[in-house]
Amino acid sequence: REIGMIDMMVDMLDVDQMTVLPRGGAKLREQEMGIIKVLHHDRLVDPVFRETTEWLLSQIDTLTPELGVCVRATHRQISREIRMPESLVRAHAQAASHATAAWSEAKKGDGDFSLFAPALKELVERSRELGAAVSNTGNPYDGLLDGREPGLTGERALDLCASYYSRIKPLLSCVMAKERPDT
């Protein structure tokens, strides 16, 4: 329950940052996100919580299907989290928060990307480190993909895109050949 509450707090801080964060509050929000993400990480990798989850996993056949799904998902999340150093969890959370604030500033006015570029570069670097830490294949991108779509690899994603493209290409050609009405 506590981990779920922490997840909700992270979501609330994210929404708050994108909607009502006062000017000048971004630096403090970076620190807050770092702290709360580390708190979440610490709860997931806590030995007692891990042992309890392992025990529940061993009892999976006695659980309701819904609870079984939750236990497997939690076990999977723990398996990823234990491979993440706490310092990287903090650095990634802070980089993501900083990038959000930088993007918000950059898109104001004339949309000067140069204001966002350094924050994006930092976030990409931290994301690559995070992906490398959790990857089962040695490919950082596979580690990141697997966090969103379990089992998906970069190679499989490319195969899927190629398959979709081969099906969509004839339709796209047909649509592009049609005359466009004047607007």
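Residues numbered from 1 in each chain as written. Predicted model: local features only at pLDDT ≥ 70, side-chain atom pairs only at ≥ 80, totals over all residues. Heavy atoms only, no water.

Caption draft 1: Main features of the overall build of the protein chain. Of regular secondary structure, the protein chain possesses eight helices and zero strands. Here the C-alpha radius of gyration of the protein chain, 21 Å, is well above what a compact globule of 183 residues would show, namely 16 Å. Taking the principal axes of the C-alpha coordinates as reference, the protein chain spans close to 65 × 45 × 30 Å. Here the protein chain holds 183 residues, and 28% of them are scored as buried. (Helix = DSSP H or I, 4+ residues; strand = E, 2+ residues; numbered from the N terminus. Rg over C-alpha atoms; globule rule 2.2 N^0.38 Å. Buried < 20%, exposed > 50% of the residue type's maximum accessible area, 1.4 Å probe, protein only.)

Caption draft 2: Layout of the packing of helix α1 (residues 2-19) against helix α2 (residues 26-45). It is the contact of α1 with α2, at a shortest axis distance of 10 Å, that shows an interaxial angle of 160°. Judged by the angle between their axes, α1 and α2 are roughly antiparallel. Every pair of crossing elements has a handedness; the one defined by α1 and α2 is left-handed. Contact residues: α1 offers Glu2, Ile3, Ile6, Asp7, Met9, Val10, Leu13, Asp14, Asp16 and Gln17, while α2 offers Arg29, Glu32, Met33, Ile36, Lys37, Leu39, His40, Arg43 and Leu44. Residue classes in the contact of α1 with α2 are distributed as nine nonpolar, two polar and eight charged. (Axes fitted to C-alpha atoms, helices over the stretch in contact; angles between N-to-C directions. Parallel < 35°, antiparallel > 145°, perpendicular 65-115°, else oblique. Left-handed = near helix turned anticlockwise from the far one by under 90°. Contact = heavy atoms within 4.5 Å. Nonpolar A, V, L, I, M, F, W, Y, C, P; charged D, E, K, R; others polar.)

Caption draft 3: Layout of the packing of α2 against helix α3 (residues 47-58). Orientation of α2 relative to α3, taken along the N-to-C sense of each, is 50°, at an axis distance of 5 Å. The angle between the axes of α2 and α3 places the two elements in the oblique class. Contact residues: Arg43, Leu44 and Val45 in α2; Pro47, Phe49 and Arg50 in α3. Of the residues belonging to the contact of α2 with α3, the class tally is four nonpolar, no polar and two charged.

Caption draft 4: Summary view of a nonpolar patch on the surface. A cluster of nonpolar side chains, namely Tyr164, Ile168, Leu171, Leu172, Val175 and Met176, defines an oily patch on the protein surface of about 610 Å² accessible area. With respect to the helices, strands and loops of the structure, leucine 171 is situated in helix α8 (residues 154-177). You can call leucine 171 exposed: its relative accessible area is 56%. (Patch = residues over 30% accessible without salt bridge, like charges linked within 9 Å, V, L, I, M, F, W, Y side chains within 5 Å. Areas by Shrake-Rupley, 256 points an atom, 1.4 Å probe, with all protein chains shown as cover. Salt bridge = Lys/Arg side-chain N within 4 Å of Asp/Glu carboxyl O.)

Caption draft 5: Looking closely at α3. In this model α3 runs 16 Å from its N-terminal to its C-terminal C-alpha over 12 residues, within 8% of the 16 Å that 1.5 Å per residue would give. One side-chain oxygen of the residue at the start of α3 lies 3.1 Å from the amide nitrogen of valine 48, identifying that residue as aspartate 46. (Expected span 1.5 Å × (residues − 1). Polar contact = N/O pair within 3.5 Å; in protein donor to acceptor, adjacent residues only side chain to side chain.)

Caption draft 6: Local environment of the packing of aromatic side chains. Enumeration according to the criterion identifies two aromatic pairs in this entry. With centroids separated by 5.1 Å and ring planes inclined at 65°, the aromatic side chains of tryptophan 103 and phenylalanine 116 adopt a geometry described as edge-to-face. Placement of tryptophan 103 in helix α5 (residues 86-106) and of phenylalanine 116 in the loop between α5 and α6 (117-134) is noted, with a sequence separation of 13 residues between them. The class for tryptophan 103 is partly exposed, based on a relative accessible area of 42%. Residue classification places phenylalanine 116 among the buried positions, given a relative accessible area of 11%. With centroids separated by 5.8 Å and ring planes inclined at 75°, the aromatic side chains of phenylalanine 113 and phenylalanine 116 adopt a geometry described as edge-to-face. Taken together, the ring pairs connect Trp103, Phe113 and Phe116 into an aromatic cluster. (Phe/Tyr/Trp six-rings, centres within 6.5 Å; stacked < 30°, edge-to-face > 60°.)

Caption draft 7: Spotlight on the nonpolar core. Of all hydrophobic cores here, the largest spans seven residues; its members are Ala95, Ala99, Ala102, Ala106, Phe116, Ala119 and Leu123. Per element, the largest residue contribution to this core is four residues, and it comes from α5. (Core = buried A, V, L, I, M, F, W, Y, C linked by side-chain atoms within 4.5 Å.)

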